[in-house]
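Notes for the structure review
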Amino acid sequence: MTFATSPAPGGWRDLRPGTRVVVRRRLAPAGPLVSDGGTAHRWTDLIGHVVEVSDAGLRLRTDPVPGRGEPQEVDVAAADIEAAKPIPPRPVRRSGPPR
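So, a few notes on the structure that sits alongside this text. (Residues numbered from 1 in each chain as written. Predicted model: local features only at pLDDT ≥ 70, side-chain atom pairs only at ≥ 80, totals over all residues. Heavy atoms only, no water.)

**Comments concerning the sheet that holds strand S7 (residues 81–86)**
Cut-off, in case you're wondering: Here a strand pair is declared whenever DSSP counts at least two bridges between the two strands. Strands are runs of DSSP state E lasting at least two residues, helices are runs of H or I lasting at least four, and both sets are numbered from the N terminus onward. Fitting a line to C-alpha atoms yields each axis, with helices limited to the stretch in contact; the angle taken between N-to-C directions then spans 0 to 180 degrees.
With respect to topology, five strands assemble into an open sheet ordered S6-S5-S4-S1-S7, the strand pairing being antiparallel. Looking at strand neighbours, the two that pair on one side only are strand S6 (73–77) and S7, the edges of this open sheet. In this sheet, neighbouring strand axes are inclined to one another by 40° on average, regardless of whether the strands run parallel or antiparallel. The pairing of strand S1 (residues 20–26) with strand S4 (residues 43–54) spans seven bridges and is classified as antiparallel. What sits directly across from Arg24, in S4, is Asp45.

Here you go:
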């Protein structure tokens, strides 16, 4: 039995360009499944800044941890978006002598 639910009014469609978000998206059924100790995941999370919002989905500029790659633009199809929400800016790390 399958239950279809309609998205909440607005939802990810209300996100504005420049907002830092986390988006939970479905993995492609034909693609590889991520596995950790035998538990298969059918979702993946993306953290990034909204570049564009349209009926087709979201375009994000990823926000990688400094030193772990360069930002990339990623398109997330509307049908693949399970959830999306704004998150605060990345915390600034301060270096210096210990107090």
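So that's the structure; there's more coming.
**Here's the deal with the nonpolar core**
Where we set the bar: By nonpolar core is meant a set of buried Ala, Val, Leu, Ile, Met, Phe, Trp, Tyr and Cys residues that side-chain atoms within 4.5 Å join together. The cut-offs for exposure are 20% and 50% of the maximum accessible area for each residue type, with area from a 1.4 Å probe on protein chains only; residues under the lower value are buried, those over the upper are exposed, and the others partly exposed. Between two residues, a contact is recorded if the distance between any of their heavy atoms is within 4.5 Å.
Counting residues in hydrophobic clusters, the biggest one holds 11 residues: Trp12, Leu15, Val21, Val23, Leu46, Val50, Leu58, Leu60, Val74, Val76 and Ile81. When contributions to this core are tallied by element, the ones reaching two or more residues are S1, S4, strand S5 (57–62) and S6. Among residues more than four places away in sequence, those in contact with Trp12 are Val53, Ser54, Asp55, Gly57, Leu58, Ala78, Ile81 and Ala84.

**Observations concerning the pattern of salt bridges**
How we decide: Counted as salt bridges are all cases of a side-chain nitrogen of Lys or Arg within 4 Å of a carboxyl oxygen of Asp or Glu.
Tallied over the entire structure, the rule returns six salt bridges. Here Arg59 makes a salt bridge to Glu73, at a shortest N to O gap of 3.9 Å. Here the residue Arg59 occupies a position in strand S5, and Glu73 occupies one in strand S6, the gap between them amounting to 14 residues. Residue Arg59 is classed as partly exposed on the basis of its relative accessible area of 29%. Between Arg59 and Asp75 there is a salt bridge; the shortest N-O distance is 2.7 Å. Taken together, the residues Arg59 in strand S5 and Asp75 in strand S6 connect sequence positions 16 residues apart. On the basis of relative accessibility, which here comes to 52%, the residue Asp75 falls in the exposed class.

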